[in-house]
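Read off the chains here:
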Amino acid sequence: MTLHGDILKDAIGQTRAKWGWFVGLGVLLLILGGIAFGNLFIATVASVYVVGWLMLMAGIIEIMHAFGVKTWSRFFYWLLSGLLYAVAGFFAFYNPLLASAVLTFLLAVALLASGGLRAWVGYKHRPEKGWGWLVAAGVISALAGLVIAMGWPVNSVWVLGLFLAIDLIFQGWAFIAVGLALKK
């Protein structure tokens, strides 16, 4: 057996001993997903706060980076970029409902664009095996974006929370599945 094979086998063995942690984390994520489903508005606000926090941190990092660049043009680019990120982060905390409307609109646009592109790429690869799945995935993404866009801005108070709840539940089931697979 190769060195890489031994390292992988050892890592799997060490991870296998911790299978219960995977299952426990999965159960916790399922519970959090259920709570998020129970109050999509709170889950949406929580999502906005997480995005706001990330933007604020990115803005601070970019501002600090601005002082380490050598030319004035790059300094002003990084400074302006950092300030915009920081302002957007503060904005998310100041008015989470308006921020959720903006983020929901951006989500709809991203789903429409990525779904359309995915369907087009799949269609262009028609002779290849599996092209239909790519087209179907693209159409579903584009339809999801269209449905979100048609309900905007009213649906902004629950769409992000719904996505968070669905993600938590899928992640929970995935961790449980990995944990149970490691146990065997």
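For the structure, check the block above.
Summarised in this report is the structure supplied together with it.

Calculation notes
- Residues numbered from 1 in each chain as written.
- Predicted model: local features only at pLDDT ≥ 70, side-chain atom pairs only at ≥ 80, totals over all residues.
- Heavy atoms only, no water.
- Core = buried A, V, L, I, M, F, W, Y, C linked by side-chain atoms within 4.5 Å.
- Buried < 20%, exposed > 50% of the residue type's maximum accessible area, 1.4 Å probe, protein only.
- Helix = DSSP H or I, 4+ residues; strand = E, 2+ residues; numbered from the N terminus.
- Contact = heavy atoms within 4.5 Å.
- Expected span 1.5 Å × (residues − 1).
- Patch = residues over 30% accessible without salt bridge, like charges linked within 9 Å, V, L, I, M, F, W, Y side chains within 5 Å.
- Areas by Shrake-Rupley, 256 points an atom, 1.4 Å probe, with all protein chains shown as cover.
- Salt bridge = Lys/Arg side-chain N within 4 Å of Asp/Glu carboxyl O.

Moving on, we come to the nonpolar core. By size, the foremost hydrophobic cluster in this structure holds 6 residues: Leu29, Ala36, Leu40, Ala43, Ala165 and Leu168. When contributions to this core are tallied by element, the ones reaching two or more residues are helix H2 (19–38), helix H3 (40–66) and helix H7 (159–183). Ignoring sequence-local partners within four residues, the contact set of leucine 168 consists of Leu29, Leu30, Leu32, Gly33 and Ala36. Among the nonpolar cores identified, the runner-up in size contains 5 residues, and Ile63, Val69, Phe75 and Leu79 belong to it.

Turning to H3, a few remarks are in order. With 27 residues, H3 extends 39 Å from end C-alpha to end C-alpha; this agrees with the ideal 39 Å at 1.5 Å per step. Taken together, the buried positions of H3 are occupied by Leu40, Ala43, Thr44, Val45, Ser47, Val48, Gly52, Leu56, Gly59, Glu62, Ile63 and Ala66. Taken together, the buried residues of H3 touch H2, helix H4 (72–94), helix H5 (96–124) and H7.

Of note, the bond from tryptophan 152 into proline 153 is cis; its omega dihedral lies within 30 degrees of zero at 5 degrees. Among the secondary structure elements, proline 153 is positioned in the loop between helix H6 (131–151) and H7.

Turning to a nonpolar patch on the surface, a few remarks are in order. A grouping of Tyr49, Val50, Trp53, Leu54, Met57, Ile60, Ile61, Met64 and Phe93 is seen on the molecular surface, where their side chains present a nonpolar patch of about 870 Å² in accessible area. The element best represented in the nonpolar patch is H3, accounting for 8 residues. A residue is classified by how much of its surface remains accessible, and tyrosine 49, at 34% relative accessible area, is partly exposed.

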